[in-house]
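Commentary on secondary and tertiary structure
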Amino acid sequence: MTGAPGELVLAERRGQVLLVTFNRPAKLNAWTDELEDRYFALLDAAEDDPDVCAVVVTGAGRGFCAGADLQRLKAVGEVSEAGRARRRPRDLPRTLRKPLIGAVNGVAAGLGMVEALYCDLRFGSPSARFTTAFAHRGLIAEYGISWLLPRLVGHSRAADLLLSSRMVDAEEAFRIGLLDHLVTTGSVVDAAVAYAAELAERCSPASMATIKSQLSNDADGTYTDSVTRAEDLMLQAFRGSDVVEGLASHLDKRSPNFPSLPVRSSDVPV
């Protein structure tokens, strides 16, 4: 695990998986600007690290992230527009080309729930809990959750969770689609890392990046548009080396050896 003892976000390499841990356990990993800067910097670094194929994010101690630090939230009305400017967009985790997997080990509230929903999929322990929290604080549905949540749980369930701010336990979260995997035995982090490691070992980084882009770009389009775009992307895939390696490794009954993603500054298309 890298980082000083008081580091707000820790990073640990587990093979080709980067494990990122919010590290304010005494505050249930409540969100601060400094924590955000450190987390986003780690994601930026992982994006172009050829040895990282997937990222798992979790929280230290009993919580995933309890949302914005309430002590700092008190002063939000005094902050100017210039003071709210960020070096990186708040939804930066959604732009990661590599799989981002949440290991929800406790409460994910407000902004913490949004961060969990920014992940491509979520593993949860029996102690995982979710609450939108915004209506209880006199706030609105922040940071795109009004777009994300209905696509996971449906419109009326999203309305229920946003209007009531009620707490959802792990079993209900799994039943309605907030969690994709409920880990009832063993470590939720280990389960998420094992899943990410299998993606790293068996799946083409370029394919996964393209599929993530398709899921995002096709969310509001028509079926016909999705098919048309897929046909163009399929032709590009057939011209690439990953298809050759994918077929050869299958026929040879061995693990594939796919190339890493090109860095974002590269002219090589993904």
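Residues numbered from 1 in each chain as written. Predicted model: local features only at pLDDT ≥ 70, side-chain atom pairs only at ≥ 80, totals over all residues. Heavy atoms only, no water.

As a further point, take the sheet that holds strand β3 (residues 54-59). Spatial ordering of the open sheet is given by β1-β2-β3-β5-β7-β10, a layout of six strands whose pairing is mixed. The open sheet is flanked by β1 (9-14) and β10 (181-182), the only strands paired with a single partner. As paired elements, strand β5 (residues 100-104) and strand β7 (residues 121-124) share four bridges and run parallel to each other. Each bridged residue has a counterpart across the sheet, and for Ala 103 the counterpart in β7 is Phe 123. (Pairing = 2+ DSSP bridges. Helix = DSSP H or I, 4+ residues; strand = E, 2+ residues; numbered from the N terminus.)

Our next topic: the sheet that holds strand β6 (residues 107-109). Taking strand neighbours across the sheet as the criterion, the four strands line up as β4-β6-β8-β9 in an open arrangement whose pairing is mixed. Two strands in the sheet have a free side with no partner beyond their single neighbour: β4 (63-65) and β9 (168-169). Both strand β8 (residues 129-131) and β9 contribute to a ladder of two bridges, which runs antiparallel. Bridge pairing links Arg 129 to Asp 169 in β9. Sheet contacts for helix α3 (residues 111-118): β4, β6 and β8; angle to β6, the most-contacted strand, approximately 100°. (Contact = heavy atoms within 4.5 Å. Axes fitted to C-alpha atoms, helices over the stretch in contact; angles between N-to-C directions.)

The next thing to look at is the domain arrangement of the protein. Domain boundaries assigned for the protein yield domain 1 (9-76 + 83-201) and domain 2 (204-252). Look at where the C-alpha atoms of domain 1 and domain 2 centre, and you get two points 27 Å apart. Counting residues at the interface gives 11 residues for domain 1, matched by six residues for domain 2. At the boundary of domain 1 with domain 2, the tally comes to two salt bridges. A salt bridge links Lys 212 to Asp 120; the nearest nitrogen and oxygen atoms lie 2.9 Å apart. Scanning the region where domain 1 abuts domain 2 turns up five residue pairs in polar contact (both at pLDDT 80 or more). (Domains from an automatic or database assignment. Salt bridge = Lys/Arg side-chain N within 4 Å of Asp/Glu carboxyl O. Polar contact = N/O pair within 3.5 Å; in protein donor to acceptor, adjacent residues only side chain to side chain.)

The next point concerns the confidence of the model for the protein. Scored by pLDDT, the protein comes out at a mean of 88, with 90% of its residues at no less than 70. Here residues 266-270 scores under 50 on pLDDT; set against residues more than four positions off or in separate chains, the count is seven contacts. (pLDDT = per-residue confidence, 0-100.)

For the rest of this paragraph, the subject is helix α4 (residues 145-153). Taken residue by residue, α4 has Ile 145, Leu 148, Leu 149 and Val 153 as its buried positions. Considered in projection along α4, the buried side chains sweep an arc of 100° and stay on one side of the axis. Turning to α4, the residues buried within the fold contact α3, α5 (155-164) and α6 (170-176). Backbone geometry just downstream of α4 places Gly 154 in the positive-phi region, at approximately 95°. (Buried < 20%, exposed > 50% of the residue type's maximum accessible area, 1.4 Å probe, protein only. Arc of directions from axis to C-beta.)

This brings us to the environment of Pro 126. Relative to the helices and strands, Pro 126 resides in the loop between β7 and β8. With a relative accessible area of 55%, Pro 126 lands in the exposed category. As a C-alpha pair, Pro 126 and Leu 182 span 56 residues in sequence and 7.1 Å in three-dimensional space. Apart from residues lying up to four places away in sequence, Pro 126 is in contact with Ala 170, Leu 182, Val 183 and Thr 184.

Summed over all chains, the structure comprises 14 salt bridges. Here Arg 97 and Asp 48 are joined by a salt bridge, their closest N and O atoms 3.3 Å apart. With a gap of 49 residues between them, Arg 97 in the loop between α2 (70-73) and β5 and Asp 48 in the loop between α1 (33-47) and β3 connect regions that are remote in the sequence. A relative accessible area of 16% means that Arg 97 is categorised as buried.

This part covers the pairing of β7. Neither face of β7 is left uncovered, since the one carrying Leu 121 and Phe 123 and the one carrying Arg 122 and Gly 124 both have all their residues buried. Bridge count for β7 against β10 is two bridges, and the pairing is parallel. Opposite Gly 124, over in β10, you have Leu 182 as the bridge partner.

Now for the pairing of β1. Strand direction decides the pairing type here: β1 and strand β2 (residues 17-22), joined by six bridges, are antiparallel. Note that in β2 the partner of Arg 14 across the bridge is Val 17. Here β1 folds back onto β2, and the loop between the two strands holds two residues, one of which, Gly 15, carries a positive phi near 65°.

This part covers the packing of aromatic side chains. Scanning the entire structure with this criterion turns up seven aromatic pairs. Of the aromatic side chains, those joined through ring pairs into one cluster are Phe 22, Trp 31, Tyr 39, Phe 40 and Phe 64. One Lys or Arg, Arg 90, reaches over the ring of Tyr 143 and ends 4.4 Å from the middle of that ring. (Phe/Tyr/Trp six-rings, centres within 6.5 Å; stacked < 30°, edge-to-face > 60°. Lys NZ or Arg CZ within 6 Å of the ring centre and 35° of its normal.)

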